[in-house]
Amino acid sequence: MSTPATAERGRFAGLLAPSDRDPAPVTEPAVQRGLRRETVLVLGVSLGSSAVYAVLSIIEKLTRPVPLSQQTTAMNQSATPGRPWLDLAYQLAGVVLPLVAVALALYLLNHIHRPAGDVRAGHFVGFDRREPARDLLRGLGLAAIIGIPGLGFYFVAKAIGINTQVSAANLQAVWWSAPVLVLAAIENAVLEEVIMVGYLFTRWRQTGWSWPLVIGLSALIRGSYHLYQGFGGFAGNIVMGLVLGLVFVRTRRVMPLVVCHAILDTVAFVGYSILQSRGISL
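Small disclaimer: the values here were computed from a predicted structure and weren't measured.

Caption draft 1: Structural detail: the overall build of the chain. A tally of regular secondary structure across the chain gives eleven helices and two strands. Listing every helix and strand of the chain by position from the N terminus yields α-α-α-β-α-α-α-α-β-α-α-α-α. Compactness check: the chain gives a C-alpha radius of gyration of 20 Å against a globular reference of 19 Å for 282 residues, within 12% of the reference. Considered along the principal axes of its C-alpha atoms, the chain spans approximately 55 × 50 × 40 Å. The 282 residues of the chain split such that 44% are buried. When contacts within the chain are restricted to residue pairs at least 6 apart in sequence, those whose partners lie at least 24 apart make up 78%.

Caption draft 2: Local environment of the packing of helix α5 (residues 99-111) against helix α8 (residues 177-206). Relative orientation of the contacting elements α5 and α8 amounts to 25°, with a least axis distance of 9 Å. Here α5 lies roughly parallel to α8, going by the angle between them. Considering the relative orientation of α5 and α8, their crossing is left-handed. Between α5 and α8, the residues in contact are L99, A101, V102, A105, L106, L108 and L109 and E187, V190, L191, V194, I195, G198, Y199, T202 and R203, respectively. Tallied by class, the residues present in the contact of α5 with α8 amount to twelve nonpolar, two polar and two charged.

Caption draft 3: View of the packing of α8 against helix α11 (residues 255-277). Contact geometry of α8 with α11 gives a least axis separation of 8 Å together with a crossing angle of 145°. In this structure, the crossing between α8 and α11 has a hand that is right-handed. Judged by residue contacts, A178, L181, V182, A184, A185, I186, N188, A189, V190, E192, E193 and V197 of α8 engage L257, V258, H261, A262, D265, T266, F269, V270 and S273 from α11. Across the contact of α8 with α11, the residue classes break down as 14 nonpolar, four polar and three charged.

Caption draft 4: A look at the packing of aromatic side chains. Inspection of the entire model under this criterion finds five aromatic pairs. A centroid spacing of 5.8 Å and a plane angle of 55° characterise the contact between F201 and W211, whose relative ring orientation is tilted. Placement of F201 in helix α8 and of W211 in helix α9 (residues 211-224) is noted, with a sequence separation of ten residues between them. A single burial state applies to F201 and to W211, both of which are buried.

Caption draft 5: Quick look at unusual backbone geometry. Although it is not a glycine, N76 adopts a positive phi angle of roughly 50°. The phi dihedral of R252 is positive, around 55°, even though this residue is not glycine.

Caption draft 6: Geometry of the nonpolar core. Core analysis: the biggest nonpolar cluster contains 43 residues, and I195 and F201 have the highest contact counts within it. Per-element accounting of this core gives the leading share, eleven residues, to α8. Ignoring sequence-local partners within four residues, the contact set of F201 consists of M196, W211, V214, I215, S218, G245, F248 and V249. Counting 15 residues, the second largest nonpolar core, distinct from the first, contains V95, V166, L171 and A185.

Caption draft 7: Structural context of the pattern of salt bridges. Counted by the stated rule, this structure contains nine salt bridges. Residues E131 and R134 are paired through a salt bridge, measuring 3.9 Å at the closest nitrogen-oxygen approach. Note on E131: relative accessible area 26%, which makes it partly exposed.

Caption draft 8: Main features of the environment of L246. One can find L246 in helix α10 (residues 231-251). Here the alpha-carbon distance between L246 and L47, two residues 199 residues apart in the chain, equals 20 Å.

Caption draft 9: The UniProt feature "transmembrane region" (unreviewed entry) in the chain, seen in detail. In the numbering adopted here, UniProt assigns the feature "transmembrane region" (unreviewed entry) to residues 40-59, 88-109, 136-156, 231-249 and 256-275. A distance of 28 Å separates the end C-alpha atoms of residues 256-275, which is 100% helix and 0% strand.

Caption draft 10: Looking closely at helix α3 (residues 47-62). Here α3 contains 16 residues, and its C-alpha end-to-end distance of 22 Å stays within 8% of the 22 Å for a straight helix at 1.5 Å per residue. Buried residues of α3: L47, G48, A51, A54, S57, I58 and K61, and no others. The arc that holds the buried residues of α3, viewed along the axis, is 165°, so those residues lie on one side. Within α3, the exposed residues directed more than 90 degrees away from the buried face are Y53 and L56. In this structure, the buried residues of α3 make contact with α2 (29-44), β1 (72-74), α8, α9 and α10.

Caption draft 11: View of a nonpolar patch on the surface. A cluster of nonpolar residues, V52, Y53, V55, L56 and I59, forms a patch on the protein surface that exposes about 500 Å² of accessible area. By the secondary structure assignment, Y53 is in helix α3. Using a relative accessible area of 61% as the deciding quantity, one classes Y53 as exposed.

Scoring rules and cut-offs
Residues numbered from 1 in each chain as written. Predicted model: local features only at pLDDT ≥ 70, side-chain atom pairs only at ≥ 80, totals over all residues. Heavy atoms only, no water. Helix = DSSP H or I, 4+ residues; strand = E, 2+ residues; numbered from the N terminus. Rg over C-alpha atoms; globule rule 2.2 N^0.38 Å. Buried < 20%, exposed > 50% of the residue type's maximum accessible area, 1.4 Å probe, protein only. Contact = heavy atoms within 4.5 Å. Axes fitted to C-alpha atoms, helices over the stretch in contact; angles between N-to-C directions. Parallel < 35°, antiparallel > 145°, perpendicular 65-115°, else oblique. Left-handed = near helix turned anticlockwise from the far one by under 90°. Nonpolar A, V, L, I, M, F, W, Y, C, P; charged D, E, K, R; others polar. Phe/Tyr/Trp six-rings, centres within 6.5 Å; stacked < 30°, edge-to-face > 60°. Core = buried A, V, L, I, M, F, W, Y, C linked by side-chain atoms within 4.5 Å. Salt bridge = Lys/Arg side-chain N within 4 Å of Asp/Glu carboxyl O. UniProt positions renumbered as here; feature names shortened; annotations may be inferred. Expected span 1.5 Å × (residues − 1). Arc of directions from axis to C-beta. Patch = residues over 30% accessible without salt bridge, like charges linked within 9 Å, V, L, I, M, F, W, Y side chains within 5 Å. Areas by Shrake-Rupley, 256 points an atom, 1.4 Å probe, with all protein chains shown as cover.

This is how it looks when you write it as structure tokens:
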């Protein structure tokens, strides 16, 4: 007789079971090694390099004479204060140039061991506009599920001294600051979800890795490039990566994850900017 716990484990195992929506596996060991090297190179020019700098950043913060909780991590800063048009150019470049790595990842999926016959990579990983209403609803639901507990976890992590105070928006008060913050939020969402989930999940599954390994390793890397915020940001983003990874395995669509991530970052960036302008500190 099955128990509720047994039934729950069965549902979880069924979620991670092989599916006809999985990418076609590559069986030749040499090709598998080549694909894994490819993922290292893609990470090296994108979020993997961010993880290295984040590790160095947390080491630098921990070796200061000031406790971690009394330090501030500033994000979205002006590049040329007092020169708004040049600053705008810098901000737009900072939004557009990281997306080259996204284009590279999709290009590689399309042209090197394509995941599913003639299906384009964007279509295969669900980075398209086929289901706009469903993607929006799923993204909104995920944002609520992740965002509300995540904010509480941030305050707890800061209170117990394992996280810095995150200053999420530090642009000058100019007309374009809010639109740029929204664009930065969208850029973060596209970069992280397409590479960390759509691309890596596809490639690692092609090389024969199990779903638990794929989801767990991707979540660990996601947490590592948020270490610059402190250990709260590290742990919180691992949890977020696990949740989003499981959602992708179930839906095989990146777009709900992009919508969720973009909403979370937009609320964080623009909301912080509004509170800061009113003299309210987090």
